[in-house]
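Chains, contacts and geometry: an overview
Okay, here's what each chain looks like letter by letter:
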Amino acid sequence: MTEQQRTRRLRKYEANPENSSPSSSNAGIELLSPFGPLITKTKLSVELIDKINLFADQHISKTESSEFMLPEEIVFGGVPSLADTIGRLINDYVKEAEGSQLDRAIYEVFWIVSQYQNTPSPVHFHSGDISGVLFLKVPEKTDPGQEERNYISGRKAGYLNFIEGNKQRFSKSLLSVKPEVGDFYLFPGWLLHGAEPFIGEGERRSMAFNATLEVK
Ligand SMILES: [Fe+2]
């Protein structure tokens, strides 16, 4: 079996990042896919992205991948603050996932991940109840054909891969999303995720956070 054929056979385990609701061409058939962790995607404002990037620009290495924490003034300063903006989104998330109201989000840490080519983010989970990833920069120029560079079953170079469960027939276990500046994903802290290294010029920069939640 060729590499291409093998990849195609594994496609059925991938969720569609553009449309999380499966569709059917048969009228009268309702498709239910109720299990699994909730992931939400939204766009944060250009003002917040610029503010975080301005701080990060002064702390990143221009040549090597690095990680560093965001100080409190960046997280809690400004109107609306980053923490308030994310708090509102967490409130919506909790309502959607559990039907409950958020009482308090206790933020543990916000940090920046700055990566250059050939840097992997091995699959991992976070501490706390809920986590988020915000994309701040994407590489300007990547290797032609990078989009087709599959590691296994659609885990594309530089994409954020969420992994849940095993290779099980009729069940999705992978969601691979393309980093776009401003895109913000909320997900349970226990959900496995990672990124395969990209090849190209420039920086892939993201912000992550962990929080524990008190709900009413
Ligand atoms: Fe992570």
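Notes on the structure in this doc start here. These numbers come from a predicted model, not from an experiment.

Here we look at the overall build of the protein
Per the secondary structure count, the protein includes four helices and twelve strands. Classification of the 216 residues of the protein by burial places 42% in the buried group. When contacts within the protein are restricted to residue pairs at least 6 apart in sequence, long-range pairs at least 24 apart make up 80% of them. Surface summary for the protein: the accessible area is close to 12600 Å², and the carbon and sulfur share equals 51%.

A word on the coordination of the iron ion
Six octahedral donors around a metal ideally subtend angles of 90 or 180 degrees, whereas four tetrahedral donors ideally subtend 109.5 degrees. Ligation of the iron ion by protein atoms is provided by His124 (NE2), His126 (NE2) and His193 (NE2), these donors lying 2.1 Å from the ion. His124 sits in the partly exposed class, given a relative accessible area of 30%. Relative accessible area serves as the criterion here: at 3%, His193 is assigned to the buried category.

Some thoughts on the sheet that holds strand S7 (residues 160-163)
One open sheet holds the four strands; their spatial order is S4-S10-S7-S8, and the pairing between them is antiparallel. Taken across any chain shown, the strands that pair with only one partner, and hence form the sheet edges, are strand S4 (121-124) and strand S8 (174-177). Averaged over all neighbouring strand pairs, the angle between strand axes comes to 15°, with direction disregarded. Direction of pairing for S4 relative to strand S10 (residues 192-195): antiparallel, over a ladder of two bridges. Of the residues in S10, the one forming a bridge with Ser121 is Ala195.

Considering the sheet that holds strand S9 (residues 183-188)
Pairing between the strands of a sheet comes from backbone hydrogen bonds, and it takes one of two forms, parallel or antiparallel. On the basis of which strands lie adjacent, the open sheet formed by six strands has the order S1-S9-S5-S12-S3-S2 and antiparallel pairing. Edge strands, defined here as strands with exactly one partner in the open sheet, are strand S1 (40-43) and strand S2 (66-69). Along the sheet, successive strands turn relative to each other by an average axial angle of 25°, direction set aside. Strand contacts of helix H2 (residues 46-57): S2, strand S3 (102-115), strand S5 (130-137) and strand S12 (204-215), with the helix running at about 75° to S5, the strand carrying the most contacts. Against the sheet, helix H4 (residues 82-98) engages S1, S3, S5, S9 and S12, with an angle of about 120° to S3.

A few points about a positive patch on the surface
There is a patch of like positive charges on the surface, built from Arg9, Lys12, Lys167 and Arg169. If you trace the backbone, Lys167 turns up in the loop between S7 and S8.

Quick look at the side chain of Ser131
Residue placement: Ser131 occurs in strand S5. Residue Ser131 is classed as buried on the basis of its relative accessible area, which comes to 0%. At 3.2 Å, the side chain of Ser131 and the side chain of His126 are in polar contact. The contact partners of Ser131, leaving out residues within four places of it in the chain, are His126, Tyr185, Leu186, Phe187, Pro188, Gly189, Phe209 and Asn210.

Quick look at H2
Helical periodicity: at 3.6 residues per turn, an α-helix aligns residues three or four positions apart in one direction. Spanning twelve residues, H2 covers 16 Å between terminal C-alpha atoms, matching the ideal 16 Å at 1.5 Å per step. If you check which residues of H2 are buried, you get Leu48, Ile49, Ile52, Asn53, Phe55 and Ala56. When H2 is viewed along its axis, its buried side chains cluster within an angular range of 160° and face the same direction. The exposed residues of H2 that point more than 90 degrees off its buried face are Val46, Glu47 and Leu54. Close packing links the buried residues of H2 with S2, helix H3 (72-76), H4, S3, S5 and S12.

Quick look at the pattern of salt bridges
Scanning the entire structure with this criterion turns up five salt bridges. The partner of Lys41 in a salt bridge is Asp183, and the shortest N-O contact between them spans 3.8 Å. Highlighted residues: Lys41 in strand S1 and Asp183 in strand S9, separated in sequence by 142 residues. Judged by its relative accessible area of 3%, Asp183 is buried. Here Arg205 and Glu203 are joined by a salt bridge, their closest N and O atoms 2.8 Å apart. On the basis of relative accessible area, Arg205 is assigned to the buried category, the value being 0%. Overall, the relative accessible area of 6% leaves Glu203 in the buried class. Residues joined by salt bridges that share partners form a network here, namely Lys41, Lys43 and Asp183.

Conventions and cut-offs
- Residues numbered from 1 in each chain as written.
- Predicted model: local features only at pLDDT ≥ 70, side-chain atom pairs only at ≥ 80, totals over all residues.
- Heavy atoms only, no water.
- Helix = DSSP H or I, 4+ residues; strand = E, 2+ residues; numbered from the N terminus.
- Buried < 20%, exposed > 50% of the residue type's maximum accessible area, 1.4 Å probe, protein only.
- Contact = heavy atoms within 4.5 Å.
- Areas by Shrake-Rupley, 256 points an atom, 1.4 Å probe, with all protein chains shown as cover.
- Donors = N, O, S within 2.8 Å, 3.2 Å for Na, K, Ca; no water.
- Pairing = 2+ DSSP bridges.
- Axes fitted to C-alpha atoms, helices over the stretch in contact; angles between N-to-C directions.
- Patch = residues over 30% accessible without salt bridge, like charges linked within 9 Å, V, L, I, M, F, W, Y side chains within 5 Å.
- Salt bridge = Lys/Arg side-chain N within 4 Å of Asp/Glu carboxyl O.
- Lys, Arg positive; Asp, Glu negative; His and termini not counted.
- Charge placed at Lys NZ, Arg CZ, Asp CG, Glu CD.
- Polar contact = N/O pair within 3.5 Å; in protein donor to acceptor, adjacent residues only side chain to side chain.
- Expected span 1.5 Å × (residues − 1).
- Arc of directions from axis to C-beta.

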